[in-house]
Amino acid sequence: METKAVRDGYGEALVEFGREDKRIVVLSADLEDANRTKLFEKEFPERFYTFGISEQDMVGEGAGFSMTGFIPFVNSFAVFLTTRAYDQIRVSLCYNKANVKLVGSHPGLEVGNDGATAQSLEDIAVMSVLPEMRVICPADAVEARKATKALIESKGPVYMRSGRRPWPVITEKETPFEIGKSVSLKEGKDVTLIAYGIMVHKSLEAAKLLSSKGIKAGVINMHTIKPLDRYAVLSAAKDTGAIVVSENHQKIGGLGSAVARVISETNPVPIEFVAVDNSFGESGSPGELQKKYGLDTADIVSAAKRAVNRKK
Amino acid sequence: MTIKHNRRKKIEELKTASAGLRKDIVEMIYTARAGHPGGSLSAVDIINVLYNYKMKHDPENPGWAERDRFIMSKGHASPALYAVLGNCGYFPGEEFKSFRKFGGLLQGHVHRDVPGVELSTGSLGQGLSVASGMALGSKLAGKNSRVYCMLGDGEMQEGQVWETVMTAAQYRLDNLCAILDYNGIQENGRIDRIKKLEPVTDKLKDFGWEVLEIDGHDYVQIADALDNTGAAGEKPLFIKANTVKGKGISYMEDRFEWHAKNPDKEQLAQALKELGFKAEIKDGN
C-alpha cells in the first residue's frame, strides 16, 4: 500500500493552488521545514512570511492579512499553534470571523521521541469549543490535498490537523470532499467504527480482524470534527446499534465527546472510546507510545467487542 | 502659505470640537452606568486628529479598499472611538445611548459590527499584531494605505506586543504607526509601581523603530507627529504620547479610580459644566 505523509500532501497542495490563487499567503513560525511549507517558500518567496518563534504574533498577523483580502495559511506544530496562541485564535480570529486557515502538524503521539511537550493531544478539544471555528483532519495525503482546496474555498477560521509520518493512502482522488460531510468507507451491521486521521486506517484494519470473528463493522472517515456530520452518526447508531470512536487525542473533549453528545440527545446506543485517557505522553517511538496509551488496532478491536456485548 | 494657514485652522477647529467628543464620552458612560472614562479621555484627542485630519477614509464607504486603517488595541476605551466615529457620520449619534446595552450596536469593548471599526478588541496585546498584518497585506497588495494602532501603557506589559515590535522592525513596516497612550496609570495604580515601562522610547529605538515623544493633548504636536509616518524610511513609527488619564474633567484627572467607573448625576453635571456645556441631564434609561 502506498504511504505518504499528510504534511507532504498539504505542502504540495499549497504550491499547486498557490499558482492559481494569488490571495494565498503562508505564515510560519520557524518550522517551515517540518510542516512542509518550505515548498511554498521556495516557489513564492514574496508570499511567504516567517515570524520567528512568535505564535501569538503570527496568528494576529494572519488576521491582518485576511482583512486586506488575502487567504493566510498559518502554520506551526499543532501543540504550539493551538495552545500557545489560544486567546489570539479566540479573539483576533474567531470573534472577528477572520478568514484565516490554521494548520497544525505533528499531531497526537506521532512526534514520538521528542516527548510530551511537542505531542498535541488537546488541539481538537480546544479548537472545537470555539464559536465560528471549524475543525478538520484528513485521513491521508490524498485527502489533505482536497481538504486544502476546501479550506481555500471556505469563509472564516478553520483549523486543520496535519500529520507527520507517512500513512497508508486509503482515500481516492475522485471522492468528493466537503467540510462537514463524512465518508463511509465500509458498510457494517453490528458496530460502526468512527475515526479521523491515522485512526481511520487503523479502524479499517480492525474491521478486517473483526470480520474474521464474525462481527461486521462499518467504518466512517469523520474528517470534519466540527461541524459534526450528525446524520452519519445517527444513521450509524440506527443501522448498527453500537459505536466505537478512535482518535489520536485525549478522550476528554475530542470527537468521542461530540459523538456521545449527539447520540445521548437522540438515540442512546453503546459507545466505546479509543483515545488517550487524561494523560501526557512521553518519549518513545510512535509504535511504543500507541501501544502504551491504547491507540493500537488491537485496542479498537477490543473496544468493538465490548460495544457489541453491551447491546445484549 | 494658504496651505499652512488652512492646516493650522483645521487643527484649531479639531481642538475646539474636542469638548463635544468628551461630552459624548461621559454621557455614554453615564447612560450605560459603566465604562472606562479615564483611558477614553486620555486617548480621544489623538483619535480625533487621526480621523479628522490624518487618515484617508470615507464614512459613506467604510470598506473602501484604499483607506487607511486604525486599530484600537486598548479596546476598553471604546467610548473615545465611538464618539469620533459617530461624529464623523459612520452611524447616527442616537446610537450613543445603546452603549453597553442589551441588543445595542455599541458593545462594551470595541466591536467591528460598528461601522468604521476595523477590529473587535478587548483582550489586551492583540491589536498591534493585526495592524502589522494589515500593513504587510497592504504592501503585498501594492496599496498605499497606512495602518495606525493605539496601545495603552499597561497593555505594553503583554508579551505579544513585543513579538510584534520585533516583527514590524524586521519587515521594515514604514506604513505602520503605533501610538502609545501614556497616561501612566493602569487599573490598579501607577504603572511605575506595578511594572514600569521606562525608558520606553529607548527600548523602541533599540528595537529598530523611529520614535517620537509628544504631548498627546497638544493638537499641533499630534498632527506633526502623525505626519511623520513613513518619513524615517523603512522603519515603523512609534509615538509616545504623554497624556493625562481622565483629561478634561478635573475630578477624574490622573486618578486610577476613574479607570473603570461611571459618574453619578452630580458628577456628570460638573463634567458637562467644565467642558462648557449646560448640564441638561436626561435620564433616558
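Residues numbered from 1 in each chain as written. Chains lettered and ligands numbered in written order. Predicted model: local features only at pLDDT ≥ 70, side-chain atom pairs only at ≥ 80, totals over all residues. Heavy atoms only, no water.

### Quick look at the side chain of B:Asn183
Residues and elements named next belong to chain B.
Here's step 1: For Asn183, the location among the structural elements is in the loop between β3 (176–182) and β4 (185–186).
Here's step 2: For Asn183, a relative accessible area of 6% translates into the label buried.
Here's step 3: Not counting the four nearest positions on each side in its chain, Asn183 is found in contact with Gly39, Ser42, Lys74, Asp153, Thr243, Val244, Lys245 and Asp254. (Helix = DSSP H or I, 4+ residues; strand = E, 2+ residues; numbered from the N terminus. Buried < 20%, exposed > 50% of the residue type's maximum accessible area, 1.4 Å probe, protein only. Contact = heavy atoms within 4.5 Å.)

### Quick word on the domain arrangement of chain A
Residue and element names in this part refer to chain A.
Here's step 1: Along its sequence, chain A is carved into domain 1 (3–168) and domain 2 (183–310).
Here's step 2: Each of domain 1 and domain 2 has a C-alpha centre, and these two points are 25 Å apart.
Here's step 3: Taken together, the contacts link 31 residues of domain 1 with 29 residues of domain 2.
Here's step 4: A buried area of about 2,300 Å², summed over both sides, lies between domain 1 and domain 2, and 60% of it is on carbon and sulfur atoms. (Domains from an automatic or database assignment. Buried area = accessible area lost by both parts, 1.4 Å probe.)

### Remarks on unusual backbone geometry
Here's step 1: Cis geometry marks the peptide bond from A:Lys226 to A:Pro227; its omega dihedral reads 0°.
Here's step 2: Considering the arrangement of structural elements, one finds A:Pro227 in the loop between β12 (224–226) and α9 (230–240).
Here's step 3: Here the bond from B:Glu198 into B:Pro199 is cis, since omega is 0°, no more than 30 degrees from zero.
Here's step 4: By the element assignment, B:Pro199 lies in the loop between α6 (191–194) and α7 (200–206).
Here's step 5: Positive phi, normally seen in glycine, also occurs at A:Arg36, with a value near 70°.
Here's step 6: Within the secondary structure, A:Arg36 sits in the loop between β2 (24–28) and α2 (38–43).

### Side note on the sheet that holds strand β1 (residues 69–72) of chain B
Residue and element names in this part refer to chain B.
Here's step 1: With parallel pairing, the five strands of this open sheet are ordered in space as β1-β2-β3-β7-β6. Across the chains shown, the open sheet's two edge strands, defined by having one partner strand only, are β1 and β6 (210–215). Going across the sheet, the axis of each strand differs from the next one's by a mean of 20°, ignoring polarity.
Here's step 2: Pairing geometry for β3 and strand β7 (residues 237–242), over six bridges, is parallel. Following the sheet pairing, Ala178 is matched in β7 by Phe238.
Here's step 3: This element, helix α8 (residues 219–226), spans β2 (147–152), β3, β6 and β7 of the sheet and lies at about 165° to β6. (Pairing = 2+ DSSP bridges. Axes fitted to C-alpha atoms, helices over the stretch in contact; angles between N-to-C directions.)

### Details of the packing of aromatic side chains
Here's step 1: For the structure on display, the rule yields 13 aromatic pairs over all chains.
Here's step 2: Where A:Tyr49 meets B:Tyr171, the ring centres are 5.6 Å apart and the plane angle is 50°; that geometry is what we call tilted. Of the two residues, A:Tyr49 sits in strand β3 (residues 48–50) while B:Tyr171 sits in the loop between α5 (159–170) and β3, which places them in two different chains.
Here's step 3: Under the relative-accessibility criterion, B:Tyr171 is labelled partly exposed at 24%.
Here's step 4: Ring geometry for A:Phe51 versus B:Tyr171: centroids 5.9 Å apart, planes at 45°, classification tilted. With one member in each of two chains, A:Phe51 in the loop between β3 and α3 (55–66) and B:Tyr171 in the loop between α5 and β3 form a pair that bridges those chains.
Here's step 5: The structure contains a cluster of three or more aromatic residues connected by ring pairs, namely A:Tyr49, A:Phe51, A:Phe65, A:Phe70 and B:Tyr171. (Phe/Tyr/Trp six-rings, centres within 6.5 Å; stacked < 30°, edge-to-face > 60°.)

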